[in-house]
Amino acid sequence: MIPPKPVARPDKVSLWRYLRLFRADILSAQPARLYRAWMAEFRTPFFRSYLCNDPALVDLVLKERPGDFPKSDRVREGLAPLLGRSVFVTNGAEWEAQRRIIDPAFERGRLKETFPAMHAAALAARDRLIARAGTEVEIEEEMSHAAADVIFRTLFSIPIENRLAAEVFREFRGYQRAQPLLNLAAFLPLPALLPRFHGGRTRASARAIRRLITRLTEERMAAIRAGEAPDDLATKIMTTPDPETGACFDTAEMVDQVAIFFLAGHETSASALAWALYLLAVCPDAQDRVAAEAAAVGDQQDFSMLSGLSFTRDVFREALRLYPPVPMMVRENRCPERFRDRPLAPGAQIVLSPWHLHRHERIWDQPDKFDPYRWQSRAGRDAARDGYLPFSAGPRVCPGAGFAMVEGPLILALLVKHVRFAPVEGAEPVPVAHLTVRSRNGIRIRVARRDATS
């Protein structure tokens, strides 16, 4: 099955046309040749950008010399209203100190401890869908609800029904389509005093979200001081000192980190889960195999159940390949470089595109095909080594990658075990890049109780 893919733009368009396309959607603004090119150069009067699909260059930038290719400050400007100086946008010593505090919270042992909270959120999502059996649902919205519930239960030990959690979720839904992941500020070398193309709605939503997160963080700080805080991710992060300096996050720093945890842990997971369920809806054989695998696991509710969900995990991996939540990453070279015999002056934009790498015609066999079985083959694993980075790679790999690879298969298994998903005729989704890869008009799926239809 070949799932939907954005229509590429013509190879040659005017600068003005390109900027308009880019502002509307960064995926359809790119030419088809990028799906087979190892490298492409974009020249404009404002910036010079190099998209790199060559696996050797990707490794150089992300793994071998990441310090020479920091995240662009212009990307930070684009996301600053919400993320402040979170670990997602900082560089150098500041970023290193943040990771020393954050990483222990996402070690494998802590993931086992958070599993019951994830499982409870998955059961709640299952029950919401069962209650809507026989109807058509917008599955992106449902998965946003489920992923937000996971974040609040694991981070702050509160369900999405909590009043404050529900307010954050409501504000974030308004933010997510108002602000693209990469706006023009990520590329244009604008003076610091000029505006960064943030609309009024974006700024208002970001302020509201940060105000609500500040309340959650201050309440948790007070509970920690009183010795009454639950042993969850927020408590772990707030009480972990930097092993080199002994400093912990203060409230303002923690607000920045919670903002990116919510963005990365909610928005990206919701995107991946929604696309995975759409793919299963249009591939009933794969869906039935996930249901059978989940049934074979039985009523297990502990971390060990994941070992029985190998095919479900491959489905989730394949959804991440076809629809990587973060479709592009931007770095900036500090030194003169030479990539594939082309000189790069310091300050050039280096674009690494999981979207194009994951569908690259010279790396993957039938790259546009939904094929979860490819992950069981040697060829599929070799391709993944060269062209698969849904969570980035190297020192800046997403600290929540392990968290996501537990959450995704778990939720898919518990949903498909009890609910049958079917596509809505004439409602094929069109992928676009907002904060993550979403559908232009949502993803509509028909749901039914599996025990009533099997």
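Quick caveat, the model's predicted, so the values are computed rather than measured.

## Section: the packing of helix 12 (residues 310-322) against helix 15 (residues 401-418)
To describe two helices that pack against each other, one gives the angle between their axes and the distance between the axes.
Then comes step 1: Where helix 12 meets helix 15, the axes come as close as 9 Å, and the angle between the chain directions of the two elements is 115 degrees. Between helix 12 and helix 15, the crossing angle belongs to the class labelled roughly perpendicular. In terms of crossing hand, the pair formed by helix 12 and helix 15 is right-handed. Contacts between helix 12 and helix 15 involve Thr312, Arg313, Val315, Phe316, Arg317 and Leu320 from the former and Ala404, Met405, Gly408, Pro409, Leu412 and Ala413 from the latter.
Then comes step 2: Here the contact of helix 12 with helix 15 is composed, by residue class, of eight nonpolar, two polar and two charged.

## Points about the pattern of salt bridges
It is possible for side chains of opposite charge to pair when their charged atoms get near one another.
Then comes step 1: Evaluation of the coordinates by the stated rule reveals 31 salt bridges.
Then comes step 2: The salt bridge involving Glu318 is made with Arg374; its shortest N-O contact spans 3.0 Å. Here Glu318, found in helix 12, pairs with Arg374, found in the loop between helix 13 (354-357) and helix 14 (378-387); they are 56 residues apart in sequence, far enough to count as distant. Arg374 shares its class with Glu318; the two are buried.
Then comes step 3: Notably, a salt bridge pairs Arg378 with Asp382, separated by 3.5 Å at the nearest N-O pair.

## Quick word on the nonpolar core
Then comes step 1: If you look at the biggest cluster of nonpolar residues, it comprises 145 residues, and the most contacted ones within it are Leu129, Ile139, Met143, Leu277, Phe339 and Phe421.
Then comes step 2: Ignoring any residue separated from it by four or fewer positions in sequence, one finds Phe339 in contact with Met39, Cys52, Leu57, Leu60, Val61, Phe69, Leu344 and Ile350.

## Quick look at the sheet that holds strand 11 (residues 444-449)
Then comes step 1: Read across the sheet, three strands follow the order 3-11-8 without closing on themselves; strand pairing throughout is antiparallel. Whereas interior strands pair on both sides, the edge strands pair on one side only; in this sheet they are strand 3 (136-138) and strand 8 (419-423). Across the sheet, the mean angle separating the axes of adjacent strands is 40 degrees when strand polarity is ignored.
Then comes step 2: As paired elements, strand 8 and strand 11 share five bridges and run antiparallel to each other. The residue bridging Phe421 from the neighbouring strand is Val447, located in strand 11.

## Regarding the packing of aromatic side chains
Then comes step 1: A full pass over the atoms with the stated rule returns 13 aromatic pairs.
Then comes step 2: On the numbers, 6.2 Å between centres and 75 degrees between planes, the contact of Phe106 with Phe403 is edge-to-face. Remark: Phe403 occurs in helix 15 and Phe106 occurs in the loop between helix 4 (92-102) and helix 5 (108-131); sequence separation between them is 297 residues.
Then comes step 3: Where Phe311 meets Tyr373, the ring centres are 5.2 Å apart and the plane angle is 40 degrees; that geometry is what we call tilted.

Reading guide: rules and limits
Residues numbered from 1 in each chain as written. Predicted model: local features only at pLDDT ≥ 70, side-chain atom pairs only at ≥ 80, totals over all residues. Heavy atoms only, no water. Axes fitted to C-alpha atoms, helices over the stretch in contact; angles between N-to-C directions. Helix = DSSP H or I, 4+ residues; strand = E, 2+ residues; numbered from the N terminus. Parallel < 35°, antiparallel > 145°, perpendicular 65-115°, else oblique. Left-handed = near helix turned anticlockwise from the far one by under 90°. Contact = heavy atoms within 4.5 Å. Nonpolar A, V, L, I, M, F, W, Y, C, P; charged D, E, K, R; others polar. Salt bridge = Lys/Arg side-chain N within 4 Å of Asp/Glu carboxyl O. Buried < 20%, exposed > 50% of the residue type's maximum accessible area, 1.4 Å probe, protein only. Core = buried A, V, L, I, M, F, W, Y, C linked by side-chain atoms within 4.5 Å. Pairing = 2+ DSSP bridges. Phe/Tyr/Trp six-rings, centres within 6.5 Å; stacked < 30°, edge-to-face > 60°.

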